[in-house]
Amino acid sequence: MNNIIVKDIMNNQPIALSAETLTSVALDALLDNNQTSAPVVDANGRLIGFFSVHDAMVDLWCENYLPQQDQKVVDLMHRDVVSINAKETLVNVIEALCIDKEQLYPTSSMGYATSLTTLSLEERAKAMKVNKPQTLPVLEDGRLVGCISRLEVMQAIRPSYGKRLNIVETERATA
């Protein structure tokens, strides 16, 4: 997995939104492409934010389900975006998508453990409730060149689990 790099498995034609896009238009673009989120870029293709259907749902809830007229992506997008470099390895992508190091290794700003546990590292990792992005924008020289989601990662690591077994299809055929 250290030989596979992001550029080899990413979606190199992601939906990208402009900050000035109307929220309704952005949602239509996501829904039309079976996506739940998209990077927001400036005119030079530089990442400036990230917009998701979750952002719109939270906004709807906060506004008693009456969205503001002429609302734009810039009004709802997140500006603190986690991204990954196109040359990163698959192992680093997996870690970025599913491991919260602050929960796994709870320490104070001085580096002291803030909680003691008898659980192993693996047990702590499996017990974490991680609120990590499901899609990461991929950058090369500061510009958006693609996106990588948990689906592309799983497609790349699936062979680690062995050959595909068609048990369900076989059971249907004999029923």
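Located above this text is the structure these notes cover.
Treat the numbers as computed from the prediction; the structure is a model and nothing was measured.

Draft legend 1. Local environment of the overall build of the protein chain. Across its full length, the protein chain carries nine helices and five strands. Counted from the first residue to the last, the protein chain has its helices and strands arranged as α-α-β-β-α-α-β-α-α-α-β-β-α-α. Across the 175 residues in the protein chain, those meeting the buried criterion constitute 29%. Considering only contacts within the protein chain whose residues lie at least 6 apart along the sequence, 65% involve residues at least 24 apart. Here the protein chain displays about 12,100 Å² of accessible surface, and carbon together with sulfur accounts for 52% of that area.

Draft legend 2. How the structure looks around the pattern of salt bridges. Scanning the model with the defined rule gives two salt bridges in all. The salt bridge involving Lys7 is made with Glu140; its shortest N-O contact spans 3.0 Å. With Lys7 in helix α1 (residues 6-9) and Glu140 in strand β4 (residues 135-140), the pair connects residues that are 133 residues apart, well separated along the chain. Given a relative accessible area of 21%, Glu140 falls into the partly exposed group. Across the salt bridge formed by Glu20 and Lys72, the nearest N and O atoms sit 2.9 Å from each other. Taken together, the positions of Glu20 in the loop between α1 and α2 (23-32) and Lys72 in the loop between α3 (53-62) and α4 (73-76) put the pair 52 residues apart, joining distant regions of the chain.

Draft legend 3. Molecular detail of the pairing of β4. Taken across its six residues, β4 has five buried, putting it largely inside the fold. Bridge count between strand β3 (residues 84-85) and β4: two bridges; the pairing is parallel. The residue of β4 that forms the bridge with Ile84 is Val138. Linking β4 back to strand β5 (residues 143-149) in an antiparallel pair, the connection comprises two residues, with Asp141 at a positive phi of about 55°.

Draft legend 4. A look at α3. Within α3 the residues assigned to the buried category are Asp55, Ala56 and Asp59. In a view along the axis of α3, the buried residues occupy a sector of 95°, so they form one face of it. Counted as exposed and oriented over 90 degrees from the buried face of α3: Met57 and Trp61. Check the buried side of α3 and you find it contacts α2, β2 (47-52) and α4.

Cut-off values and rules
- Residues numbered from 1 in each chain as written.
- Predicted model: local features only at pLDDT ≥ 70, side-chain atom pairs only at ≥ 80, totals over all residues.
- Heavy atoms only, no water.
- Helix = DSSP H or I, 4+ residues; strand = E, 2+ residues; numbered from the N terminus.
- Buried < 20%, exposed > 50% of the residue type's maximum accessible area, 1.4 Å probe, protein only.
- Contact = heavy atoms within 4.5 Å.
- Areas by Shrake-Rupley, 256 points an atom, 1.4 Å probe, with all protein chains shown as cover.
- Salt bridge = Lys/Arg side-chain N within 4 Å of Asp/Glu carboxyl O.
- Pairing = 2+ DSSP bridges.
- Arc of directions from axis to C-beta.

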